[in-house]
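Breakdown of the fold
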Amino acid sequence: MAAPPDMELSPALSLELLPTDPLLLILSFLDYRDLVSCCYLSRRLNQLSSHDPLWKRHCKKYWLISDEEKSRRNQGWRAIFISTYSDLGRYIHYYATLKKAWDDLEQYLGQWCPRMIGSLKESVREEDLDAVEAQIHCKLPDDYRCSFRIHNGQKLVVPGLMGSMALSNHYRSEDLLDIDTAAGGFQQRLGLKQCLPLTFCIHTGLSQYMALESVEGRNKYEIFYQCPDQMARNPSAIVMFITGTSYLEWFTSYVNKVVTGGYPIIRDQIFRYVHDKDCVATTEDITVSVSTSFLPELSSVHPPHYFFTYRIRIEMSKDALPENACQLESRYWRITNAKGDVEEVQGPGVVGEFPVISPGKVYEYTSCTTFSTTSGYMEGYYTFHCLYNKDRFFNVTIPRFHMVCPTFKVSTA
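Throughout, a residue's number is its position along its own chain's written sequence, starting from 1. In keeping with the predicted nature of the model, local features appear solely for residues at pLDDT of at least 70, side-chain atom pairs appear and are counted solely at 80 or more, and the whole-chain, interface and lining totals rest on all residues. Side-chain figures throughout are based on the complete set of non-hydrogen atoms in the structure, without hydrogens or water.

As annotated in an unreviewed UniProt entry, the chain carries the name FBX3 protein and comes from Zosterops hypoxanthus. UniProt positions are given in the numbering used here, feature names are shortened, and annotations may be inferred rather than shown by experiment. Regarding the chain, the UniProt comment filed under Pathway (unreviewed entry) reads as follows: "Protein modification; protein ubiquitination."

Let's shift gears to the pattern of salt bridges. The working definition used for a salt bridge is a side-chain nitrogen of Lys or Arg within 4 Å of a carboxyl oxygen of Asp or Glu. Summed over the entire model, instances satisfying the criterion amount to 26 salt bridges. Two residues, Arg-125 and Asp-128, come together in a salt bridge whose shortest N-O distance is 3.1 Å. Working definition: with a 1.4 Å probe on protein chains only, accessible area under 20% of the residue-type maximum means buried, over 50% means exposed, and in between means partly exposed. Take Arg-125: its relative accessible area is 47%, and that puts it in the partly exposed class. A salt bridge links Arg-218 to Glu-216; its shortest N-O distance comes to 2.5 Å. The same class applies to Arg-218 as to Glu-216, namely buried. Here the salt bridges share partners, and the residues they tie into one network are Asp-87, Arg-90, Glu-126, Asp-130, Glu-133, Lys-139, Asp-142, Arg-145 and Arg-149.

A pocket here means an open set of points on a 1 Å grid, computed over the protein atoms alone, that has protein on both sides within 12 Å along at least five of seven lines. A cavity is instead a set of points where a 1.4 Å probe fits but cannot get out; residues with an atom within 4 Å of a point line either one. Grid points are joined across faces, edges and corners, and a volume is the space filled by probe spheres set on the points. Evaluation of the coordinates by the stated rule reveals one cavity of 30 Å³ or more. Its volume calculated, the largest cavity comes out at about 50 Å³. Along its surface, the largest cavity is lined by Thr-283, Glu-284, Asp-285, Ile-286, Met-316, Asn-324, Cys-386, Arg-392 and Phe-394. Side-chain classes are defined by residue name, with Ala, Val, Leu, Ile, Met, Phe, Trp, Tyr, Cys and Pro counting as nonpolar, Asp, Glu, Lys and Arg as charged, and the others, Gly among them, as polar. Considered class by class, the residues forming the lining of the largest cavity number four nonpolar, two polar and three charged.

With nine of twelve residues buried, strand β18 (residues 375-386) lies mostly within the body of the structure. Strand direction decides the pairing type here: strand β14 (residues 326-337) and β18, joined by eleven bridges, are antiparallel. Counted as the bridge partner of Arg-334 is Glu-379 from β18. Following DSSP output, two strands are said to pair if at least two bridges run between them. Strands are runs of DSSP state E lasting at least two residues, helices are runs of H or I lasting at least four, and both sets are numbered from the N terminus onward. Taken together, the ten bridges between β18 and strand β19 (residues 393-404) define a ladder with antiparallel strand orientation.

Attention now moves to a nonpolar patch on the surface. Each patch groups residues whose relative accessible area exceeds 30% and which form no salt bridge, using 9 Å between like charges and 5 Å between nonpolar side chains of Val, Leu, Ile, Met, Phe, Trp and Tyr. Residue burial considers only the protein chains on display, and all accessible areas are found by Shrake-Rupley using a 1.4 Å probe. A cluster of nonpolar side chains, namely Leu-156, Val-158 and Ile-202, defines an oily patch on the protein surface of about 240 Å² accessible area. Relative to the helices and strands, Ile-202 resides in the loop between β5 (199-200) and β6 (208-211).

This part covers the sheet that holds strand β11 (residues 274-283). What the four strands build is an open sheet, ordered β11-β12-β13-β17; its pairing is antiparallel. The open sheet terminates on both sides in strands that have one partner only, identified here as β11 and β17 (362-371). Across the sheet, the mean angle separating the axes of adjacent strands is 20° when strand polarity is ignored. The pairing of β11 with strand β12 (residues 286-294) spans six bridges and is antiparallel. Among the inter-strand pairings, Ala-281 is bridged to a residue of β12, identified as Val-288. To get an axis, fit a line to the C-alpha atoms, keeping to the stretch in contact for a helix; angles then go from 0 to 180 degrees between the N-to-C directions.

Our next topic: the packing of aromatic side chains. Stacked, tilted and edge-to-face are the three classes assigned to paired rings of Phe, Tyr and Trp, where Trp is represented by its six-membered ring and a pair needs centres within 6.5 Å; plane angles under 30 degrees give stacked, over 60 edge-to-face, the rest tilted. According to the stated counting rule, one finds 28 aromatic pairs in the structure shown. Centre to centre, the rings of Trp-63 and Phe-81 are 6.0 Å apart; their planes meet at 50°, and the pair counts as tilted. Of this pair, Trp-63 sits in helix α4 (residues 56-63) while Phe-81 sits in helix α6 (residues 77-88); the two residues are 18 residues apart in sequence, bridging distant segments of the chain. The two residues Trp-63 and Phe-81 agree in class, both being buried. Geometrically, the ring pair formed by Phe-241 and Phe-294 is edge-to-face, given 5.1 Å between the ring centres and 65° between the ring planes. Here Phe-241, found in strand β8 (residues 238-244), pairs with Phe-294, found in strand β12; they are 53 residues apart in sequence, far enough to count as distant. Taken together, the ring pairs in this structure connect Tyr-32, Trp-55, Tyr-62, Trp-63, Phe-81, Tyr-85 and Tyr-95 into an aromatic cluster.

This part takes up the domain arrangement of the chain. Domain start and stop points were drawn from an automatic or database domain assignment. Domain parsing of the chain yields domain 1 (20-90), domain 2 (96-257) and domain 3 (273-406). Placing a centre on the C-alpha atoms of domain 2 and another on those of domain 3 gives a separation of 33 Å. Each partner contributes to the interface: domain 2 provides 15 residues, whereas domain 3 provides 20 residues. For the domain 2 and domain 3 pair, buried surface summed over both sides reaches about 1400 Å², with 73% attributable to carbon and sulfur atoms. Throughout, buried area stands for the accessible area (probe radius 1.4 Å) lost by two parts on being put together, summed over both. On the domain 2 side of the contact with domain 3, Met-165, Leu-167 and Phe-241 bury the most area, a combined 40% of that side's loss. Applying the counting criterion to the domain 2 and domain 3 interface returns one salt bridge. Across the pair Arg-172 and Glu-297 runs a salt bridge whose closest N-O atoms are separated by 2.9 Å. In protein, a polar contact requires one atom able to donate a hydrogen and another able to accept it; more generally it is a pair of N or O atoms within 3.5 Å, and residues adjacent in sequence count only if both atoms are side-chain atoms. Summed over the shared surface of domain 2 and domain 3, the result is five residue pairs in polar contact (both at pLDDT 80 or more). Breaking the side of domain 2 that touches domain 3 down by element, the ones donating at least two residues are β1 (164-167), β2 (170-173), β7 (223-228) and β8. Residues belonging to the side of domain 2 that touches domain 3 are distributed by class as follows: ten nonpolar, two polar and three charged. Only heavy atoms matter for contacts: two residues are in contact if any of them lie within 4.5 Å across the pair.

If a residue is not glycine, its phi is most likely negative; likewise, a peptide bond is most likely trans. Looking along the chain, the bond that leaves Val-158 and enters Pro-159 is cis, with omega of 10°. One can find Pro-159 in the loop between α10 (142-150) and β1. In this structure, Pro-303 follows His-302 across a cis peptide bond, with omega equal to 0°. Along the chain, Pro-303 falls in the loop between β12 and β13 (306-316).

With respect to the helices, strands and loops of the structure, Leu-35 is situated in helix α2 (residues 32-38). A relative accessible area of 0% places Leu-35 in the buried class. Leu-35 sits 13 residues away from Leu-48 along the chain, and the two C-alpha atoms are 9.6 Å apart. Contacts of Leu-35, omitting those with residues within four sequence positions, involve Leu-27, Leu-30, Ser-49, Leu-54, Trp-55 and His-58.

Below, the structure is given as structure tokens:
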């Protein structure tokens, strides 16, 4: 028996039968790979997938192409995506992240460290990176290659892009090496086998290395400072202080710290002091805050000797009364290592000075300490006397601040 007319089945709904506008809306949610695939399904989908506005989102997402840059190029969005992909397609999962990091860093340097901008080198070509791989007989990771397609590191100058550190008798400033200089420093010797230097300090000779293979106890693409194992019989034995697990993570985390103000700018240089926001104490009108840094080039694991520097900022509120002006008389420290061993230190002034603090004034100084354990903390107080009432003395709290050595491992060379 024939089915009633109202029970007859409707033809299957097909994308081909949809009007153009809703079909374009559906296509706008596809990623670039799926959009390309649609070109091969039918003539109509091929035509609609070439609709230029569909490619705007992908140009912005993957290549950070702005409307202004599109106008300068005088090309459509689809043409820009295709031409950029033909050049940088292998880096599509890294490019936007690294390009944004470089753009943010350049903008920040232009405001705070303008002379550093001139040290940045232009990008390299794919064939330059291929030639380096052939020279060192190792593959470079794509995130590293991608970064050098944007900027080829910097010239060997001071200050270095990757941060500085200064004490009374010690100075470090790390340059981000260009690809040719890095290749020239590629290591095949025992202890640093198949390691590529990323940074270099012309004052200390210190470098951060990236492991290009998983050998001698290192993970592939791990980044580290190296220091000699002074108690090993083999002079090639080293200890590695780990600073990153990949180039992308290492570089972008550093840039984020810089551009968000995590590192202070001192004398037109980026100083790698880390400030804990909880490490602040206010006594009456005076606030004390502390930032710290670990110095691998002055540290040792065997024998245990971990070197830290700290930077202290002492500030009197600008709203304080003028008669509250005072002078630092002495300091007291209580220093505790990870074993619970306590050392107490008391003495006049700080770093040989007796600073005067008045409303709105700031005094900063740098000092250092060492631990025989991988971590420890310090706390204490300063004793001040009032300038307008020399019989009045009072203590200002120094907040407890912790110092922790980075993760390290010993080479199995």
